[in-house]
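Here's the letter readout for the chains.
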Amino acid sequence: MAAITGQFLQWWTKSDLSLLLQAEHRLLSALVRHPFHKPSNNRLERDSTGGNGHNGINVVEFRAKESAGHKSKPTVVLAHGFGSGLGFFYNNIDGLLNSGKISRV
């Protein structure tokens, strides 16, 4: 068991929320052409159980360029489950927003 733990720890590193959010921003800036922001009601907070994790939903919003009637266009919500992440969606964001059929992702 100790050998497995040692192998795991050789590539695992501790992090904190601010470093994770900085990495997310760098990746999204490089991979997605549309502007994005974090809504003010984004609730990602320190785990209240005393653990090292975080609870909440990490929300990132992408908007199409402003155009007449953009408020009447629907918003698409992309949600992933445990073990997956934004990497499953980033290739689709620009295409969805460029379609002219939706206003936000």
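Source: prediction; values computed, not measured.

(A) Layout of the environment of glycine 95. Here glycine 95 shows up in helix α3 (residues 90-98). You can call glycine 95 partly exposed: its relative accessible area is 46%. Between the C-alpha atom of glycine 95 and that of histidine 34, which follows or precedes it by 61 residues, the distance is 10.0 Å.

(B) Quick peek at helix α2 (residues 17-31). In this model α2 runs 21 Å from its N-terminal to its C-terminal C-alpha over 15 residues, within 8% of the 21 Å that 1.5 Å per residue would give. Taken together, the buried positions of α2 are Leu17, Glu24 and Leu28. For α2, the arc enclosing every buried residue in end-on projection is 25 degrees, short of the 170-degree limit, so these residues lie on one face. Away from its buried face by more than 90 degrees, α2 exposes Arg26 and Ala30.

(C) Geometry of the environment of valine 76. Checked against the element boundaries, valine 76 lands in the loop between β4 (61-62) and α3. Valine 76 sits in the partly exposed class, given a relative accessible area of 24%. The sequence separation of valine 76 and phenylalanine 62 amounts to 14 residues, and the corresponding C-alpha distance is 10.0 Å. Residues within four places of valine 76 in sequence aside, it is in contact with Ile102, Arg104 and Val105.

(D) Summary view of the packing of aromatic side chains. Applying the stated criterion to the full structure yields 1 aromatic pair. A ring pair is formed by phenylalanine 36 and phenylalanine 62, whose centres lie 5.8 Å apart and whose planes are at 45 degrees; its orientation type is tilted. One end of the pair, phenylalanine 36, is in strand β1 (residues 36-37); the other, phenylalanine 62, is in strand β4, with 26 residues separating them in the sequence. On the accessibility criterion, phenylalanine 62 (2% relative accessible area) is buried.

(E) The pattern of salt bridges, seen in detail. Following the criterion strictly, the structure yields 3 salt bridges and no others. With its nearest N and O atoms 3.0 Å apart, the salt bridge here joins glutamate 61 to arginine 63. The exposure class assigned to glutamate 61 is buried, which follows from its relative accessible area of 13%. In this structure arginine 63 comes out as partly exposed when scored by relative accessible area, which is 32%. Counted as one network, the salt bridges with shared partners bring together Glu61, Arg63 and Arg104.

(F) Representation of α3 within the structure. Buried within α3 we find Ile93, Asp94 and Leu97. Looking straight down α3, one finds its buried side chains confined to an arc of 85 degrees; they lie on one side. Elements in contact with the buried residues of α3: α2 and β4. Positive backbone phi, at 80 degrees, marks glycine 100, one or two positions downstream of α3.

Calculation rules
Think of each chain on its own: its residues are numbered from 1, step by step along the sequence as written. It should be noted that, the model being predicted, local features are given only for residues of pLDDT at least 70 and side-chain atom pairs only at 80 or more, the latter also being counted only at that level, while totals for whole chains, interfaces and linings use all residues. The basis for every side-chain value is the complete set of heavy atoms in the structure, and neither hydrogens nor water enter the calculation. Helix numbers and strand numbers start at the N terminus; a helix is a DSSP run of H or I with at least 4 residues, a strand a run of E with at least 2. Burial classes: relative accessible area under 20% of the type maximum marks a residue as buried, over 50% as exposed, and values in between as partly exposed (1.4 Å probe, protein chains only). By definition here, a helix of n residues has an expected span of 1.5 Å times n minus one. Working note: the arc is built from the helix axis to C-beta atom directions. Residue contacts are counted whenever heavy atoms from the two residues lie within 4.5 Å of one another. By convention, a stacked pair of Phe, Tyr or Trp rings (six-membered ring in the case of Trp) has centres within 6.5 Å and planes under 30 degrees apart, an edge-to-face pair has planes over 60 apart, and any other such pair is tilted. Salt bridges, as used here, are contacts in which a Lys or Arg side-chain nitrogen is within 4 Å of a carboxyl oxygen on Asp or Glu.

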